[in-house]
Amino acid sequence: MEKIPMTPAGFSALEAELKNLKSVERPAIIAAIASARELGDLKENAEYHSAREKQGFIEGRIKELESILSLADVIDPAKLTGAVKFGAKVTLVDEDTDEEKTWQIVGEYEANIENGLLNIKSPIARALIGKDEGDSVEVRTPGGVRSYEILSIEYA
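As a convention, each chain's residues are numbered from 1 in the sequence order in which they are written. Owing to the predicted nature of the model, reporting of local features is limited to residues with pLDDT of at least 70; listing and counting of side-chain atom pairs is limited to 80 or more, with chain, interface and lining totals taken over all residues. With hydrogens and water set aside, each side-chain value is computed from the structure's full complement of heavy atoms.

**Describing the nonpolar core**
To define a nonpolar core, start from buried Ala, Val, Leu, Ile, Met, Phe, Trp, Tyr and Cys residues and group those joined through side-chain atoms within 4.5 Å. Here the term buried applies to any residue with accessible area under 20% of the maximum for its type, exposed to any over 50%, and partly exposed to those in between, with areas from a 1.4 Å probe on protein chains only. With 18 residues, the main nonpolar core has Met6 and Leu14 as its most contacted residues. Considering every element that reaches this core, the biggest residue donor is helix α2 (residues 46-71), with eight residues. Contact criterion: two residues are considered in contact whenever any of their non-hydrogen atoms come within 4.5 Å of each other. Not counting residues up to four positions away in its chain, the partners in contact with Met6 are Phe11, Leu14, Ile68, Ala72, Asp73, Val74, Ile75, Phe86 and Glu110. The next biggest cluster of nonpolar side chains, apart from the first, holds 17 residues, and it includes Trp103, Val139, Tyr148 and Ile150. Secondary structure elements follow DSSP: runs of H or I of four or more residues count as helices, runs of E of two or more count as strands, with numbering from the N terminus.

This is the structure in structure tokens:
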């Protein structure tokens, strides 16, 4: 199995979600199933079927998180320097619109574009890897080719 690159913050967030599912959500759904069983006939018991469906989702997510965390390769960006690598916080300017954007390149399970966390497998991240401050980068996106200039690279 291939290792999954992840920042320490992303690893911690997934660990916290797993702990919550195991210690809070799982016991709550078991209690909900038990109380729904007491309502009688299980064939026509919507509460019971809903609780069982939710239990299946929770158990599936627990297995998924355990698998992801077992394959995680935690990379601390604070120990890195130089050209753009995994974990870098990159500030870019769109050469057409002069709009500035800052993204941190992270693993796919912690990516969240609204929070500035860019999936390492995305076209923009792949184009940025290995580049330095001042470099111009052309990125093929679904909306067409975009040109960016790298203003700064930080590792925190």
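On we go.
**Thoughts on the sheet that holds strand β4 (residues 100-106)**
When DSSP finds two or more bridges between a pair of strands, those strands are recorded as paired. If you trace the five strands from one edge of the open sheet to the other, you get β5-β4-β3-β7-β6, paired in mixed fashion. One side of each edge strand has no neighbouring strand; the edge strands of this open sheet are β5 (117-119) and β6 (136-141). For this sheet, the mean angle separating the axes of adjacent strands, direction not counted, is 45°. Pairing of strand β3 (residues 89-94) with β4, which is carried by five bridges, proceeds in the antiparallel orientation. Of the residues in β4, the one forming a bridge with Lys89 is Gln104. Angles run from 0 to 180 degrees between N-to-C directions of axes, and those axes are lines fitted to C-alpha atoms, restricted for helices to the stretch in contact.

**Focus on the side chain of Ser122**
With respect to the helices and strands, Ser122 occurs in the loop between β5 and α3 (123-128). Overall, the relative accessible area of 15% leaves Ser122 in the buried class. Nitrogen and oxygen atoms within 3.5 Å of one another constitute a polar contact, given that in protein one can donate a hydrogen and the other can accept it, and given that sequence-neighbouring residues count only through two side-chain atoms. Of note is the side chain of Ser122, whose polar atom sits 2.8 Å from the backbone oxygen of Asn119.

**As for α2**
A helix is expected to reach a length of 1.5 Å times the quantity of its residues less one. End to end, α2 covers 38 Å across 26 residues, agreeing with the expected 38 Å (1.5 Å per residue, within 8%). Every buried residue of α2 is listed here: Tyr48, Ala51, Gln55, Ile58, Ile62, Leu65, Ile68, Leu69 and Leu71. In this fold, the buried residues of α2 make contact with β1 (4-6), α1 (8-37) and β2 (72-74).

**Side note on the packing of aromatic side chains**
Centres within 6.5 Å make a pair out of two Phe, Tyr or Trp rings, where for Trp the six-membered ring is used; the pair is then stacked when the planes are under 30 degrees apart, edge-to-face when over 60, and tilted otherwise. Here the structure, examined in full by the defined rule, presents one aromatic pair. For the ring pair Trp103 and Tyr148, a centre distance of 6.5 Å and an interplane angle of 75° mean the geometry is edge-to-face. Within this pair, whereas Trp103 is found in strand β4, its partner Tyr148 is found in strand β7 (residues 144-154), the two being separated by 45 residues in sequence. The pair Trp103 / Tyr148 is uniform in exposure class, with both members buried.

**Describing the side chain of Glu110**
Summarising the element assignment, Glu110 is placed in the loop between β4 and β5. This buried residue, Glu110, is left without a salt bridge; Lys121 holds the nearest opposite charge, at 12 Å. Just so you know, the count uses Lys and Arg for positive and Asp and Glu for negative, and it drops His and the chain ends. Here a salt bridge means any side-chain nitrogen of Lys or Arg lying within 4 Å of a carboxyl oxygen belonging to Asp or Glu.

**A word on the pattern of salt bridges**
A complete count under the given rule lists seven salt bridges for this structure. Here Glu66 makes a salt bridge to Lys22, at a shortest N to O gap of 2.7 Å. You can see Glu66 sitting in helix α2 and its partner Lys22 sitting in helix α1, a full 44 residues away along the chain. Overall, Glu66 belongs to the partly exposed group, its relative accessible area being 34%. For Lys22, a relative accessible area of 36% translates into the label partly exposed. Across the pair Asp94 and Arg146 runs a salt bridge whose closest N-O atoms are separated by 2.2 Å. One end of the pair, Asp94, is in strand β3; the other, Arg146, is in strand β7, and 52 residues separate them in sequence. What makes Asp94 buried here is its relative accessible area of 1%. Connected via shared salt-bridge partners are Glu17, Arg61 and Glu64.

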